[in-house]
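Listed below are the residues making up each chain.
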Amino acid sequence: MSSAPTSAPYLPPGLQMPVAETDGLSAPYWAGLQQEKLLVQRCSRCKRWQFGPEWICHKCHAFDPDWVEVPAEGRIYSWERVWHPVHPALKGHCPYLAVLVELPHAGGLRMVGNLLGDPLQEVRIGAEVQGVFEHHPEASQPYTLLQWRCR
């Protein structure tokens, strides 16, 4: 796993900062990213993996699933080349690549992210990707994003 240089973030300034909900549900996820760890939930009762964060297990409904570190690596399950800026800060920054990454070390759960590199690159379903932790220490509330890069 590697960190992206903080002087050249992938996303442009002006986007809303990602922060944990006021109830703290996703706080372990965001704190883990700052430490270059990918944390996802796993039920201690039925062992089901899940993401995004929830207070209860999606399968057995047990409360407070555990946060477990998994390798930030996976395979592209699906992808899209985005041409239309969905936020004013993205004007002039399109196209970019959004990927749905399947995590084999977390029961095959999937998470969405950006694919780094040439936005016109050929993208292949099943391609292996590695997580890249993009730190934003300059923000009023420092945060880290998880981006993806083809191996």
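Everything below is about the structure printed above this text.
Residues numbered from 1 in each chain as written. Predicted model: local features only at pLDDT ≥ 70, side-chain atom pairs only at ≥ 80, totals over all residues. Heavy atoms only, no water.

1. Re the overall build of the protein chain
Working step 1: Helix and strand content of the protein chain: 1 helix and 9 strands.
Working step 2: Counting from the amino terminus, the protein chain carries its helices and strands in the arrangement β-α-β-β-β-β-β-β-β-β.
Working step 3: On C-alpha atoms alone, the protein chain measures out to a radius of gyration of 16 Å, which is about the 15 Å that the 2.2 N^0.38 rule sets for 151 residues.
Working step 4: Of all 151 residues assigned to the protein chain, the portion counted as buried reaches 38%.
Working step 5: Pairs at least 24 residues apart make up 56% of the contacts formed inside the protein chain by residues separated by at least 6 positions.
Working step 6: Approximately 8500 Å² of the protein chain is accessible, and the part contributed by carbon and sulfur atoms is 53%. (Helix = DSSP H or I, 4+ residues; strand = E, 2+ residues; numbered from the N terminus. Rg over C-alpha atoms; globule rule 2.2 N^0.38 Å. Buried < 20%, exposed > 50% of the residue type's maximum accessible area, 1.4 Å probe, protein only. Contact = heavy atoms within 4.5 Å. Areas by Shrake-Rupley, 256 points an atom, 1.4 Å probe, with all protein chains shown as cover.)

2. Notes on the pairing of strand β6 (residues 96-103)
Working step 1: Across 7 bridges, strand β5 (residues 73-82) lies against β6 in antiparallel orientation. Opposite Trp-79, over in β6, you have Val-99 as the bridge partner.
Working step 2: As paired strands, β6 and strand β7 (residues 109-115) are joined by 7 bridges and run antiparallel to one another. Each bridged residue has a counterpart across the sheet, and for Glu-102 the counterpart in β7 is Arg-110.
Working step 3: Between β6 and β7, which pair antiparallel one after the other, the connecting turn spans 5 residues, and Gly-107 there sits at a positive phi close to 65°. (Pairing = 2+ DSSP bridges.)

3. Some thoughts on the sheet that holds strand β3 (residues 49-50)
Working step 1: The sheet built from 3 strands is open, its strands ordered β3-β2-β4 with antiparallel pairing. The outermost strands of the open sheet, each flanked by one partner alone, are β3 and β4 (66-70).
Working step 2: Looking at chain direction, strand β2 (residues 38-42) and β4 are connected through 5 bridges and run antiparallel. Counterpart to Leu-38 in the pairing with β4 is Val-70.
Working step 3: This element, helix α1 (residues 27-34), spans β2 and β4 of the sheet and lies at about 150° to β2. (Axes fitted to C-alpha atoms, helices over the stretch in contact; angles between N-to-C directions.)

4. A short note on the layout of surface pockets
With a probe scaled to a water molecule rolled over the atoms, the places where space remains empty come into view.
Working step 1: Approximately 790 Å³ is the volume attributed to the largest pocket.
Working step 2: Put simply, the parts of the chain that give the lining of the largest pocket at least two residues each are α1, β6, β7 and β9 (143-150).
Working step 3: Considering only residue class, the lining of the largest pocket consists of 22 nonpolar, 8 polar and 2 charged. (1 Å grid on protein atoms, 1.4 Å probe; cavity = no way out; pocket = protein on both sides within 12 Å on 5 of 7 lines; lining within 4 Å. Points joined across faces, edges and corners; volume = space filled by probe spheres on them. Nonpolar A, V, L, I, M, F, W, Y, C, P; charged D, E, K, R; others polar.)

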